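Architecture at a glance
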Amino acid sequence: MIRRNFLKALPSSLFLTGFPNLGHTKTNKDGRLIVINLEGGMDGLCAVPPIGDKAFRSARSDLLVNNNLSLNPFFGLHPSFKSFGEMLANDEATIIHATAFPYTKRSHFEGQNIVETGLLTPFSSKSGWLGRAMELAGVGGRSLSLDTPLIVRGNMVVETFYPSNMRGSAVPNIEILDALKSIYDGDALETAEVLKQQLAASRNAPRVRDPEGLATFAGKKMQEPYGPKVAVINVNQFDTHANQGTEVGLQSEQLEVVDNVFSALKAGLGKMWDTTVVMTVTEFGRTLGQNGSAGTDHGYGSACMVAGGLLKNAGIVADWPGLKTNNLYEGRDLLATIDMRSVCAASLEATFGLEHDEISEKVFLDKRIRRIYNEIFT
Amino acid sequence: MNLSRISKRIGLGDTEEFYGQSSLESLIKNSLDTPVLFKALPSLHGTLDIWPSEKEFNLNQRIKRLVKRRTQSDAIDNGNLSDQEREIARELNKEKFSVDKIDQYRFFHAGQYATNQVKLRLSYFWLNHFTVGEKEVTPQLISNYWETVMLNGIDGTFSDLLYNAITHPAMLTYLDNIYNIGPNSPEARKCKSRAGASSCVVGLNDNLGRELLELHTVSPAAAYSEKDITNCAKVLAGWGNIFDKNSWSSKPVDFHRPWDNNHSEPGRKMVLGKEIPTGRKGLRVLTDFLASHPDTKRFISKKIITHFCGGKYAEDHSEELVDLWTKTNGELRAIHSKVMEMSIISNEKVFLWPTTWCFQVSRLTGANIASGFNEIGEDNMRSHIVDPSRIMFEMGHNFWSERQPNGFSDMKDDWISTEHIDRRIRYAGLLYDYGRPKKSINNIIMQHIETPILKNKLLSITNERTRFIATLCSPEIMEV
């Protein structure tokens, strides 16, 4: 299968940030936070199917998966999640279901913006929730701002990683980068500076570009004593309008990529896994019912997968709204009963040691966000 | 009027058609009046030639190839082969009938060498506005989509452009409309009577309907409802039935604006308060209505001005273009001329897309590293010859790549990254090392760098290779 990414235009991409600012760190905890951004609107009802809900089977008869892993009598887990399933068995993963960022208009681009800004109005901020949280926690304080996904934009060093494969081309040398630095200003100057640092630091970086390879690389970098504390990995192709598939097919392949990203991160992080939270985000879930082309259209509530050594007990956190038509959002979508901002806040609390009220007020700019730290992390 | 400044400003620096023109007006007129002549190099460092006709494919030829590819791939799947043999046979079969690589050569060479660059430059904007990325068979169709819809439509009305883009099989495939079937269509009724309502899988797919409103026309500013989206999908049902379970059908269908009444949703539909009639003609009524909707004019005016003149300038001047749009009923020639004028008046810097930059620096330097039309597929580190499709992919700006329907960004922030700058440095290095530049870098600096400080800084770089790369990657060449 062909994958896209290269920053905006590419298949999968990796962003590392949160380099410790020696002597100035305010964090109470030495945690690591990795966000896997599932682009396109991930179908939570396929990833974590509510097999015990009677309305489920009849709504999507062509999309049913036969060999789901069994979590409890009510919820199954898509068979692609082999590693994640093991993490659940080891009490180092949990699932939050019927959750979404508070956005109900079903546009990819507005929705993706809200996933990144964590605010209620699309395109209303130039910084992201993770970036603001990192500033608040003093994770990486060097004031360099770059390109980068909006989610981590704030004021810190970010490394993007997607190695070039321009045949026969020479690696930029110090002289060229110095020349460019002398003629650049603003973001371009900072970019040239970071390129120079990368040149010095990452000569031995592996030349991988698939999500799993990038995840391994991220894990290894984050294991280093002064390595980055935050990573964002994009995995795309979740916009399954047609031929979504069952235990085989498009959705199944992409979920397997996500599963491999989880296991590659764990392997790469080594003992630092114990101080890590990995979580998925997506712009929305998909319709309960299948459409006319064995796919699902844009919806609302989805599922969020969380894993890492900072979790104590496996479980499914959900306030299940039910799937009867009158329980669905606008009669068609899984209702979101847990605000994804609460999940993000809990992860920030667990990794950076920030207080919930502070996160609520200063990261999400909304004091009403419910604290669900205990439901997820204890 | 400084035409050299204008040409560089829109990424067409050192383009021959700018020579000898007395005014921007005559330049635009001449450009829009003449068709594009596709020129290319047959081989790296070869002599410029006309693109060979046997490497051009019309829509029917493309469809025929897809059908053949499909038939033979079925034969391979059913044949008595080992897994490995089958894998190889499939690859060879795909390669044999695919033309997307050839198309990308044509595109990349045209960007450097074709006549009528103004038209080409405008067409990239529209190709991006009506984005079609890789999905299923779309790579085999994108070139045809670009040339027949965008290039041929550049001098028409927005209304025609919209209708032609939406009904092209590339768009219908990319945004899943080939799967969009009316829930009360003849096909659905037949299915229900045969299989029973509960086990019958036919219905709407709203992907194209949604993006038609959000990205192609009115934008979320129109505050449309989910019902409007569903009704758009109903109007679109029936368009694009060129399909036969997972691939292209060999059924004799008209692939130019493919319509199948069997899939269409009967009855009138309301979209944003407008009543849309039933049947094939409904879509044209809908696209005409959307094309002249005030929110469409505002949204696209701002977008095209942002692209050519900068975001701040667009904030302040979009209304002028909206007025012109209204006055001319969306005549693209008038709109394009105005935008070109605005791009000169605006002093705001515009960050060039990577391929536009590639084309511009190739022309400014006379250097080239892309393999030619007799070397298609050649990509060799030792002889330093690079496949243009790889260049565009590595630059993060390949119109044949898989991407989201909102297309490539017009925001500088999205392109100023370590990854992208790294690639521009590498590309400039390749041009210097193996591209045989025809112009001296000092002349290029003297002619094209305007700011005295930058000019002096560049000229003071002692190493010629470094000076070459720094100039090509300098703010004045990347951001014009």
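Residues numbered from 1 in each chain as written. Chains lettered and ligands numbered in written order. Predicted model: local features only at pLDDT ≥ 70, side-chain atom pairs only at ≥ 80, totals over all residues. Heavy atoms only, no water.

1. Quick look at the interface of chain A and chain B
The test is simple: Here a residue-residue contact requires only that any non-hydrogen atoms of the pair lie within 4.5 Å. Summed over both partners, the accessible surface that disappears when two parts come together, traced with a 1.4 Å probe, is what is meant by buried area. The working definition used for a salt bridge is a side-chain nitrogen of Lys or Arg within 4 Å of a carboxyl oxygen of Asp or Glu. Here a polar contact is recorded for every N or O atom pair within 3.5 Å, except that within protein the pair must consist of a potential hydrogen donor and a potential acceptor, and residues adjacent in sequence are included only if both atoms are side-chain atoms. Under the scheme used here, helices are H or I runs from DSSP no shorter than 4 residues and strands are E runs no shorter than 2 residues, and both carry numbers assigned from the N terminus.
The interface is formed by 64 residues belonging to chain A together with 64 residues belonging to chain B. Carbon and sulfur atoms supply 56% of the area buried between chain A and chain B, which totals about 5,500 Å² over both sides. For the interface between chain A and chain B, the tally reads two salt bridges. Its salt-bridge partner being A:Arg106, residue B:Glu226 comes within 2.5 Å of it at the nearest N-O pair. Viewed at the interface, chain B and chain A are joined by 15 residue pairs in polar contact (both at pLDDT 80 or more). Listing elements by their share of the side of chain A that touches chain B, those giving two or more residues are helix H4 (108-117), strand S6 (158-161), helix H6 (174-183) and helix H7 (186-201) of chain A.

2. Quick look at unusual backbone geometry
Here is the rule we go by: Exposed residues in this analysis have more than 50% of their type's maximum accessible area, buried residues have under 20%, and partly exposed residues fall in between, with area computed by a 1.4 Å probe over protein chains only.
Although it is not a glycine, A:Arg106 sits at a positive phi angle of roughly 65°. Within the secondary structure, A:Arg106 sits in the loop between strand S5 (93-100) and H4. In this structure, B:Asn329 is a non-glycine residue whose phi angle is positive, near 55°. Along the chain, the position of B:Asn329 falls in the loop between helix H15 (311-328) and helix H16 (332-345). Residue class for B:Asn329 comes out exposed when judged on its relative accessible area of 66%.

3. Considering helix H17 (residues 354-365) of chain B
Residues and elements named next belong to chain B. This is how the line gets drawn: Expected span of a helix, by definition, is 1.5 Å for each gap between consecutive residues, and there is one gap fewer than residues.
With twelve residues, H17 should cover 16 Å at 1.5 Å per step; its first-to-last C-alpha distance of 16 Å lies within 8% of that length. Of all twelve residues in H17, twelve are buried, a share of seventy percent or more. Those residues of H17 lying buried are Pro354, Thr355, Thr356, Trp357, Cys358, Phe359, Gln360, Val361, Ser362, Arg363, Leu364 and Thr365. Looking one or two residues beyond H17, the residue adopting positive phi is glycine 366, at roughly 70°.

4. Observations regarding the environment of B:Asn231
All names here are of chain B. Note that asparagine 231 resides in helix H12 (residues 226-236). A residue is classified by how much of its surface remains accessible, and asparagine 231, at 7% relative accessible area, is buried. Placed 45 residues apart in sequence, asparagine 231 and isoleucine 276 show a C-alpha to C-alpha distance of 9.2 Å. Those residues in contact with asparagine 231 that sit more than four places away from it in its chain are Lys269, Met270 and Val271.

5. Looking at the pattern of salt bridges
Tallied over the entire structure, the rule returns 40 salt bridges over all chains. Here B:Asp74 and B:Arg70 are joined by a salt bridge, their closest N and O atoms 3.5 Å apart. Of this pair, B:Asp74 and B:Arg70 both sit in helix H3 (residues 59-78), four residues apart, roughly one helical turn. Overall, B:Asp74 belongs to the partly exposed group, its relative accessible area being 31%. Three or more residues are tied together by salt bridges with common partners; here these are A:Arg106, A:Glu330, A:Arg332, A:Asp333, B:Asp206, B:Arg210 and B:Glu226.

6. Describing the nonpolar core
Worth spelling out the cut-off: Definition used in this section: a nonpolar core is a set of buried Ala, Val, Leu, Ile, Met, Phe, Trp, Tyr and Cys residues joined via side-chain atoms within 4.5 Å.
By size, the foremost hydrophobic cluster in this structure holds 144 residues, and its most contacted members are B:Trp126, B:Phe130, B:Tyr145, B:Phe158, B:Trp357 and B:Tyr427. Element by element, the count of residues in this core is highest for helix H6 (residues 117-129) of chain B, at seven residues. Other than its neighbours up to four places away in sequence, B:Trp357 contacts B:Leu352, B:Met395, B:Arg424, B:Tyr427, B:Ala428, B:Leu472, B:Cys473, B:Ile477 and B:Met478. A:Cys304, A:Ile338, A:Leu354 and A:Phe377 belong to the second-largest nonpolar core, a separate cluster that totals 42 residues.

7. What about the confidence of the model for chain B?
Heads up, the rule is: The predictor attaches a confidence to each residue, called pLDDT, with possible values from 0 through 100.
The pLDDT averaged across chain B works out to 90; a share of 96% of its residues lies at or above 70. Scored as a complex, the prediction yields pTM 0.84 and ipTM 0.83.

8. Focus on the packing of H12(B) against helix H13 (residues 281-291) of chain B
Each pair of packed helices can be summarised by the angle the axes make with each other and by the distance between the axes. Residues and elements named next belong to chain B. Applied cut-off: Here an axis means a line fitted to C-alpha atoms, over the contact stretch when the element is a helix, while the angle between two N-to-C directions is reported on a 0 to 180 degree scale. An angle below 35 degrees is treated as roughly parallel, one above 145 as roughly antiparallel, one from 65 to 115 as roughly perpendicular, and anything else as oblique. Any residue outside Ala, Val, Leu, Ile, Met, Phe, Trp, Tyr, Cys, Pro, Asp, Glu, Lys and Arg is labelled polar, Gly included; the first ten of those are nonpolar and the last four are charged.
Taken N-terminus to C-terminus, the directions of H12 and H13 make an angle of 135°; their axes are 8 Å apart at the nearest point. Here H12 lies oblique to H13, going by the angle between them. Facing Cys232, Val235 and Leu236 of H12, the residues of H13 in contact are Gly282, Leu283 and Leu286. For the contact of H12 with H13, a count of residues per class yields five nonpolar, one polar and no charged.

9. Quick notes on the state of the cysteines
All names here are of chain A. To keep it simple, the criterion reads: When two cysteine sulfur atoms lie within 2.5 Å, the pair is treated as a disulfide.
Counting across every chain of the model gives zero disulfides over all chains. For cysteine 46, which is in no disulfide, the shortest distance to another cysteine sulfur is to cysteine 304 and amounts to 16 Å. You can call cysteine 46 buried: its relative accessible area is 4%. Just so you know, cysteine 344 is unpaired, no disulfide at all, and the nearest cysteine sulfur is the one on cysteine 304, 7.2 Å from it. In this structure cysteine 344 comes out as buried when scored by relative accessible area, which is 0%.

10. Observations concerning the pairing of strand S2 (residues 32-38) of chain A
All names here are of chain A. Condition: Any two strands with at least two DSSP-identified bridges between them are counted as paired.
The buried fraction of S2 is high, at seven of seven residues. With burial as the criterion, each face of S2 is covered, one bearing Arg32, Ile34, Ile36 and Leu38 and the other bearing Leu33, Val35 and Asn37. Bridge count between S2 and strand S7 (residues 230-235): six bridges; the pairing is parallel. Counted as the bridge partner of leucine 38 is valine 235 from S7.

11. Focus: the packing of aromatic side chains
To be explicit about the condition: In this analysis, rings of Phe, Tyr and Trp, with Trp reduced to its six-membered ring, are considered paired at centre separations within 6.5 Å, and the interplanar angle assigns stacked below 30 degrees, edge-to-face beyond 60, and tilted for intermediate values. The rule is short: NZ of Lys or CZ of Arg within 6 Å of the ring centre and within 35 degrees of the ring normal puts a charge over the ring.
A full pass over the atoms with the stated rule returns 32 aromatic pairs over all chains. A centroid spacing of 5.3 Å and a plane angle of 25° characterise the contact between A:Tyr373 and A:Phe377, whose relative ring orientation is stacked. Within this pair, A:Tyr373 and its partner A:Phe377 are both found in helix H12 (residues 373-377), separated by four residues, close to a single helical turn. Taking relative accessible area as the criterion, A:Tyr373 reaches 15% and is therefore assigned buried. The class for A:Phe377 is buried, based on a relative accessible area of 2%. Just above the ring of B:Phe38 sits the side chain of B:Arg106; from NZ or CZ to the centre is 3.7 Å.

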